[in-house]
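So you can see what is in the structure, the chains are spelled out below.
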Amino acid sequence: MSATQPLISPPTVAETAAAQRRRAFWPSVLALGVGGFAIGTGEFVIMGLLPEVARDLGVSIPQAGHVISAYALGVVIGAPVLAVLAAGWPRRALLLVLMALFAAGNFASALAPGYLSLNLLRFMAGLPHGTYFGVAALVAASLAPPDRRASAVGLVMSGLTSATLVGVPIAAWLGQHLGWRAAFILVGAIAALACLLIRRGVPELPVPHGASPLRELGALGRPQVWLTLGIGAIGFGGMFSVFSYIKPTLIEVAGLSLEAMPFMLALFGTGMVVGNLVGSRLADKSLRGTIAGLLVWNAVVLGGFAFAAGEAVTAAIGVFLIGTIVAIAPALQIRLMDVAGEAQTLSAALNHSAFNIANALGAWLGGVAIAAGLGWTSTAWVGVVLALGGMAVFGASLWQERRSTQREHAGSTRRR
């Protein structure tokens, strides 16, 4: 060897692992995003088809809204139960099983013979939702650099948000022309495609050392986990209180035609895509500041929609801005992962339980306000109250965090 020839040292184990993560990142994000696209389409399309479902099943529109709540309840229950039971599973295998269950639930929903059976099947279709997104977020965050975790989670969530831009309008169009059952067949087909992509694109990842149901349940003993979940369960509900009844609101208040609904749904989806991307970038820079600022944004946007809904142009702007409320999701996901300690799977899954408590709570309270004769725009004021409630919970979270830090500091001072 020449004396002037440079020596090239072989890559270290850490460098090799980092290179493997970089290679696996984009195929994994694509596969996980398609799964999110299927779930997002399935979750949101029903909100644009409530009149068709109500007419076909012989119930009122507020009663048809219970189908939304049934799905949300499935997410709320399924996320913690499946996350705990599957704590020791390899993550790729778990993602495959969850997406297969979601596909089966949507195919079955398309065959529901009546109102009660549809509610039961939507509940079953919701069971894998939260655990899927929780595990997908953990996989994406593990493949990303430490300072880009929120952006990685945001990319996975972009599958859900882009569903509202592309999947939901297409499924809604199918539902209006071929019947609402066709929309669920489309969702099941997309979920089946996601299974294939996950099998090919997501790498085999080792089961976390010491993973067990008992360790996952340890998250439930942490006050910050509960408070962070409360922020999402309450503060995020305003979006659902309005969007669950957006179709009749736009038709009855703004005077829009049925043919304009796919365009309005696409506007909402555009807002979600923009909000998710901006929110994840902001969360990488300042997690607490992003959560606080977005809760204020929620209240302003929802309150403004009560006034904007009366005219077609302002209502369209309002629908777009309501979509941006989803910007808080990546920030809350990362905060949960930070405060949960070793109970990562359960805490990540519970984030989506919280969002679907918000879904159920918002849809229910919005329906109560409408049924009470307060008008279609009353759902916006319900949303403002929920956003203010989220701010109160976040304030309690910061207060409890400060108290814990002060106690730890005092204890360390006494020991010295």
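Structure first, text after, so check above.
Residues numbered from 1 in each chain as written. Predicted model: local features only at pLDDT ≥ 70, side-chain atom pairs only at ≥ 80, totals over all residues. Heavy atoms only, no water.

**Student:** Where do I start with the packing of aromatic side chains in this structure?
**Tutor:** What describes a pair of aromatic rings is the distance from one ring centre to the other and the angle between the planes of the rings. A full pass over the atoms with the stated rule returns seven aromatic pairs. Considering the side-chain rings of tryptophan 180 and phenylalanine 184, the 6.0 Å spacing of their centres and the 85° angle between planes classify their relative orientation as edge-to-face. Remark: phenylalanine 184 and tryptophan 180 occur in helix H9 (residues 180–201); sequence separation between them is four residues, near one turn of the helix. In this structure tryptophan 180 comes out as buried when scored by relative accessible area, which is 3%. Aromatic ring contacts, followed pair by pair, group Phe236, Phe240 and Phe355 into a single cluster. (Phe/Tyr/Trp six-rings, centres within 6.5 Å; stacked < 30°, edge-to-face > 60°. Helix = DSSP H or I, 4+ residues; strand = E, 2+ residues; numbered from the N terminus. Buried < 20%, exposed > 50% of the residue type's maximum accessible area, 1.4 Å probe, protein only.)

**Student:** Please clarify how empty space enclosed by the protein should be interpreted in this entry.
**Tutor:** Where empty space is left in the structure can be found by rolling a water-sized probe over the atoms. Taken as a whole, this structure holds four cavities of 30 Å³ or more when the rule is applied. Roughly 110 Å³ of internal volume is contained in the largest cavity. Forming the boundary of the largest cavity are 13 residues, of which Glu43, Met157, Leu160, Phe236 and Phe355 lie nearest the centre. Of all the secondary-structure elements, those providing two or more residues to the lining of the largest cavity are helix H1 (13–45), helix H8 (149–178) and helix H18 (344–371). Looking at which element gives the most residues to the lining of the largest cavity, the answer is H18, with three residues. Considered class by class, the residues forming the lining of the largest cavity number nine nonpolar, three polar and one charged. (1 Å grid on protein atoms, 1.4 Å probe; cavity = no way out; pocket = protein on both sides within 12 Å on 5 of 7 lines; lining within 4 Å. Points joined across faces, edges and corners; volume = space filled by probe spheres on them. Nonpolar A, V, L, I, M, F, W, Y, C, P; charged D, E, K, R; others polar.)

**Student:** Just to check I follow, could you spell out the nonpolar core for this structure?
**Tutor:** One broad trend across soluble globular proteins is that nonpolar side chains are buried collectively. Residues Phe44, Met99, Tyr132, Phe236, Leu250 and Ile322 are the most contacted members of the largest nonpolar core, which totals 116 residues. Examining the composition of this core, we find that eleven residues originate from one element, H1, more than from any other. Not counting chain neighbours up to four residues away, the residues in contact with methionine 99 comprise Gly35, Ile39, Tyr132, Ala191, Ala194, Cys195 and Ile198. The next biggest cluster of nonpolar side chains, apart from the first, holds 13 residues, and it includes Ala79, Val84, Val225 and Ala340. (Core = buried A, V, L, I, M, F, W, Y, C linked by side-chain atoms within 4.5 Å. Contact = heavy atoms within 4.5 Å.)

**Student:** Would you take a moment to explain the environment of alanine 308 for this structure?
**Tutor:** When you line up the elements, alanine 308 lands in helix H15 (residues 287–308). On a C-alpha basis, the gap between alanine 308 and glycine 318 in space is 6.4 Å, while along the polypeptide they are ten residues apart. When residues no more than four places from it in sequence are discounted, the contact partners of alanine 308 are Thr314 and Ala315.

**Student:** Looking at this structure, how should I read the packing of helix H4 (residues 66–85) against helix H6 (residues 115–126)?
**Tutor:** Each pair of packed helices can be summarised by the angle the axes make with each other and by the distance between the axes. It is at 6 Å that the axes of H4 and H6 come closest, and there the two elements cross at 35°. The handedness of the crossing between H4 and H6 is right-handed. Contact residues: His66, Val67, Ala70, Tyr71, Leu73, Gly74, Val75 and Ile77 in H4; Tyr115, Leu118, Asn119, Arg122, Phe123, Ala125 and Gly126 in H6. When grouped by side-chain class, the residues that make up the contact of H4 with H6 number ten nonpolar, four polar and one charged. (Axes fitted to C-alpha atoms, helices over the stretch in contact; angles between N-to-C directions. Left-handed = near helix turned anticlockwise from the far one by under 90°.)

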